[in-house]
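As a plain string of letters, each chain reads:
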Amino acid sequence: VKMSYPGYPYQQRSPTVTPAHPFNPREDAEVLRKAMKGFGTDEKAIINVLSRRTNAQRLEISVQFKTLYGKDLIKDLKSELTGNFENLVVAMMTPLPQFYAKELHDAISGMGTDEDVLIEVMCTLSNNEIRIIREAYQKTYYRNLESDLKGDTGGHFKRLMVALCSAGRDESMVTNPQAAAADAQALLRAGELRFGTDESTFNMILCQRNYAQLQLVFQEYQRLTGHDIEKAIKNEFSGDIQEGLLAVVRSIKNQPSFFAKRLNKSMKGLGTFDRDLIRLVVTRSEIDMGDIKREYATKFGESLADAIKVL
């Protein structure tokens, strides 16, 4: 299944993995078989093939592998590889909707909930992507994603997750300055101008409006208050709901920058969050990894490749 994106009208996206032309899945299957046959494994040959093919092409190679050798390619790769390299290759070979479904399922059902994963996935994907992931989740786990999110999160964060899971955002990219001004006023009245916060207004506006329209809302908010909407969210909210709303805002303002920060976080601190690093690299490589690399270098003063090399 192709994971489509409605696209930003103001931003050209540059993937680092594009479909191989010419592409011969049978030849690739033979190369992989040879790399795993005999004594030792030729990891370089495996990397050469898989890193230069899209997710859809890797799945075609898998079909050819089974046709030629009567064996499951993922099982063979798992038996030959270990550690993070094994995890990375399995992620690359998994259909993208199923991969996202597994990441969400594990984030929900592990010891405690990994809210960062829920935020990263639910706050950045298009309606179509979320619908496809919901279907994959149901097929894989015989469970409803919305119900599982409800059961494992609480309060305002739960409502944010349910709103995003419903995949009802306007994606027309039609803008209306008057409506943006009204929304900015509504956000101001729901937050900074009242005692306590009306969270439902933030949820409703940030989860329903299209990305181009929200850019106008943020500009209008800045004009009205003299500060960024992020500052208002930091003042008005705390914990998971703050992180969730900030992720929505940052993703809308500059999605590659949001993912560059996530990558940096996955490589910092006590131990590396290898799973986060693998997920980010695998899922963004066919969408906007070129943009993310540029943002990373600007933000952190080193190339993303160099940052990964020293791990």
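Quick caveat, the model's predicted, so the values are computed rather than measured.

Chemist: Just checking my understanding: could you explain the overall build of the protein chain for this structure?
Modeler: Each helix and strand counted, the protein chain has 19 helices and zero strands in total. Against the compact-globule benchmark of 19 Å for 311 residues, the protein chain has a radius of gyration of 21 Å, which places it among compact chains. Considered along the principal axes of its C-alpha atoms, the protein chain spans approximately 70 × 40 × 40 Å. Across the 311 residues of the protein chain, 47% fall into the buried class. Across the protein chain, contacts joining residues at least 24 apart in sequence account for 74% of those joining residues at least 6 apart.

Chemist: Would you explain the domain arrangement of the protein chain in this entry?
Modeler: The extent of an interface is frequently quoted as the accessible surface area lost upon association of the parts. By domain assignment, the protein chain separates into domain 1 (25-93), domain 2 (96-166), domain 3 (177-253) and domain 4 (255-310). Using C-alpha coordinates to define each centre, domain 2 is positioned 22 Å away from domain 4. Each partner contributes to the interface: domain 2 provides 12 residues, whereas domain 4 provides 12 residues. Summing the contributions of domain 2 and of domain 4, the shared interface buries around 1100 Å²; its carbon and sulfur component is 50%. Taken together, the links from domain 2 to domain 4 amount to seven salt bridges. Residue Arg262 pairs with Asp116 through a salt bridge whose shortest N-O separation is 3.9 Å.

Chemist: What am I meant to see in helix α14 (residues 229-236) here?
Modeler: Each α-helix winds once per 3.6 residues, and so residues spaced three or four apart point in a common direction. Taken together, the buried positions of α14 are occupied by Ile229, Glu230, Ala232 and Ile233. Buried residues along α14 cover an arc of 160° about the axis, so they all sit on one side. If you follow the buried residues of α14, they end up packed against α11 (177-190), α12 (199-208), α13 (211-225) and α15 (239-253). The N-capping residue of α14, defined by a side-chain oxygen 2.7 Å from the backbone nitrogen of Glu230, is Asp228.

Chemist: For this particular structure, what's the right way to read the nonpolar core?
Modeler: General note: in soluble globular proteins, nonpolar side chains tend to be found buried as a group. By size, the foremost hydrophobic cluster in this structure holds 83 residues, and its most contacted members are Leu50, Leu77, Met122, Met161, Ile233 and Leu263. Setting aside anything within four residues of it in sequence, one finds Met122 in contact with Leu104, Ile130, Leu149, Met161, Leu164 and Cys165.

Chemist: How should I be thinking about helix α18 (residues 289-300) in this particular structure?
Modeler: With 12 residues, α18 extends 16 Å between its outermost C-alpha atoms, agreeing within 8% with the 16 Å of an ideal straight helix rising 1.5 Å per residue. Looking only at α18, the buried set comprises Met289, Gly290, Asp291, Ile292 and Tyr296. Close packing links the buried residues of α18 with α16 (255-266), α17 (274-284) and α19 (304-309). Gly301 lies just past α18 and shows a positive phi near 70°.

Chemist: Mind showing me how you'd approach the pattern of salt bridges here?
Modeler: Should the charged atoms of two oppositely charged side chains come close, the side chains can pair. Tallied over the entire structure, the rule returns 23 salt bridges. Here Lys66 and Asp72 are joined by a salt bridge, their closest N and O atoms 3.9 Å apart. For Lys66, a relative accessible area of 48% corresponds to the partly exposed category. Residue Asp72 is classed as partly exposed on the basis of its relative accessible area, which comes to 29%. With a shortest N-O distance of 2.8 Å, Lys265 and Asp116 are connected by a salt bridge.

Chemist: Is there a simple way to think about the state of the cysteines in this case?
Modeler: This model, assessed by the stated rule, comprises zero disulfides. Considering cysteine sulfurs only, Cys207 is the nearest to Cys165, which forms no disulfide, with 11 Å between them.

Chemist: Quick question: what am I supposed to make of the confidence of the model for the protein chain here?
Modeler: Detail in the predicted coordinates should be disregarded across regions flagged by low pLDDT. Overall, the prediction assigns the protein chain a mean pLDDT of 93, with 95% of residues at 70 or greater. Highest mean pLDDT in the protein chain belongs to helix α3 (residues 55-69) (98); lowest belongs to α19 (94). Taken together, the stretch residues 1-10 has pLDDT below 50 and engages in 33 contacts with residues farther than four places along the chain or on a different chain.

Chemist: I tried to follow the side chain of Thr153 on my own but got confused; where do I start?
Modeler: Following the sequence through the fold, Thr153 ends up in the loop between α9 (145-152) and α10 (155-165). A distance of 2.6 Å separates a polar side-chain atom of Thr153 from the backbone oxygen of Leu149. In contact with Thr153, not counting residues within four places along its chain, are Leu118 and Lys158.

Definitions and cut-offs
- Residues numbered from 1 in each chain as written.
- Predicted model: local features only at pLDDT ≥ 70, side-chain atom pairs only at ≥ 80, totals over all residues.
- Heavy atoms only, no water.
- Helix = DSSP H or I, 4+ residues; strand = E, 2+ residues; numbered from the N terminus.
- Rg over C-alpha atoms; globule rule 2.2 N^0.38 Å.
- Buried < 20%, exposed > 50% of the residue type's maximum accessible area, 1.4 Å probe, protein only.
- Contact = heavy atoms within 4.5 Å.
- Domains from an automatic or database assignment.
- Buried area = accessible area lost by both parts, 1.4 Å probe.
- Salt bridge = Lys/Arg side-chain N within 4 Å of Asp/Glu carboxyl O.
- Arc of directions from axis to C-beta.
- Polar contact = N/O pair within 3.5 Å; in protein donor to acceptor, adjacent residues only side chain to side chain.
- Core = buried A, V, L, I, M, F, W, Y, C linked by side-chain atoms within 4.5 Å.
- Expected span 1.5 Å × (residues − 1).
- Disulfide = S-S within 2.5 Å.
- pLDDT = per-residue confidence, 0-100.

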